[in-house]
Amino acid sequence: MPKETKYWLMKSEPSSFSIDDLRAAPRQMTYWDGVRNYQARNFMRDMAIGDHVLFYHSNANPPAIVGIAKVVKTAYPDPTQFDKKDSHYDPDSEPSRPRWDMVDIKLVRKLSHPLTLDHLKKEHKLKGMVLLQKGSRLSVQPVTPQEWAHILSLG
DNA sequence: GCCAACGTTGGC
DNA sequence: GCCAACGTTGGC
């Protein structure tokens with residue numbers, strides 16, 4: 001299998017973890033815990049080291065792509081699923097067969113100007129983006145090389 | 001705060 | 001397997 005770099009978009013609510021939090025983090029890295037959606041989890045399991053990530057602020061004003069990151073550690077069990085005190089605790093997940101994974105990402109750069117959802121919607125070349133599909137709520141989603149290139153050209 | 005769209009759960 | 005009820009997401 002040829003190794004191909006893949007592209008992704010990951011959503012975070014800035015009130016819980018923002019691009020500035022990532023920038024301020026040790027080594028500008030973070031683990032992406034709390035994903036509790038099978039489709040999003042499966043996408044994380046598809047990630048390889050070096051894959052490119054768009055960092056998106058959801059539930060924000062305005063919602064926008066605010067930075068670029070890359071995958072620095074592939075999927076491994078998310079410990080919060082076993083933590084009874086954590087809001088993401090999953091009593092049905094067996095430690096011998098963890099149900100939920102996370103990856104580590106590292107900041108590449110924060111965009112000087114966020115690319116707002118409103119702006120993205122106006123780009124015909126981005127019409128097919130998962131992010132822009134009606135009712136799309138996936139917190140981890142694939143981005144095509146063409147979409148990636150176009151988004152970077154906007155910045 | 002509202003609510004549409006979606007995913008999950010559980011009774012049958 | 002169906003589907004109503006419920007919880008969550010996330011734009012507005």
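Analysis parameters
- Residues numbered from 1 in each chain as written.
- Chains lettered and ligands numbered in written order.
- Predicted model: local features only at pLDDT ≥ 70, side-chain atom pairs only at ≥ 80, totals over all residues.
- Heavy atoms only, no water.
- Helix = DSSP H or I, 4+ residues; strand = E, 2+ residues; numbered from the N terminus.
- Buried < 20%, exposed > 50% of the residue type's maximum accessible area, 1.4 Å probe, protein only.
- Near = heavy atom within 4 Å.
- Polar contact = N/O pair within 3.5 Å; in protein donor to acceptor, adjacent residues only side chain to side chain.
- Nonpolar A, V, L, I, M, F, W, Y, C, P; charged D, E, K, R; others polar.

Now for unusual backbone geometry. Note the cis peptide between Asn61 and Pro62, where omega equals -5 degrees. Counting through the fold element by element, Pro62 comes out in the loop between strand 3 (52-57) and strand 4 (64-77). The phi dihedral of Gln28 is positive, around 50 degrees, even though this residue is not glycine. Along the polypeptide, Gln28 turns up in the loop between helix 1 (19-24) and strand 2 (29-31). At Asn59, a position not held by glycine, the phi torsion is positive, near 50 degrees. Looking at the secondary structure, you find Asn59 in the loop between strand 3 and strand 4. On the basis of relative accessible area, Asn59 is assigned to the exposed category, the value being 68%.

In the vicinity of DNA strand C, the residues found are Lys11, Tyr56, Ser58, Asn59, Pro63, Leu117, Lys121 and Arg137. Within 4 Å of the protein, the atoms of DNA strand C are drawn from sugar and phosphate moieties in a proportion of 68%. Contacts to DNA strand C include Asn59, whose backbone N or O atom sits 3.0 Å from a phosphate oxygen. Measuring from a phosphate oxygen of DNA strand C, one finds a backbone N or O atom of Arg137 at 2.6 Å. Tallied by class, the residues present in the surface near DNA strand C amount to 3 nonpolar, 2 polar and 3 charged.

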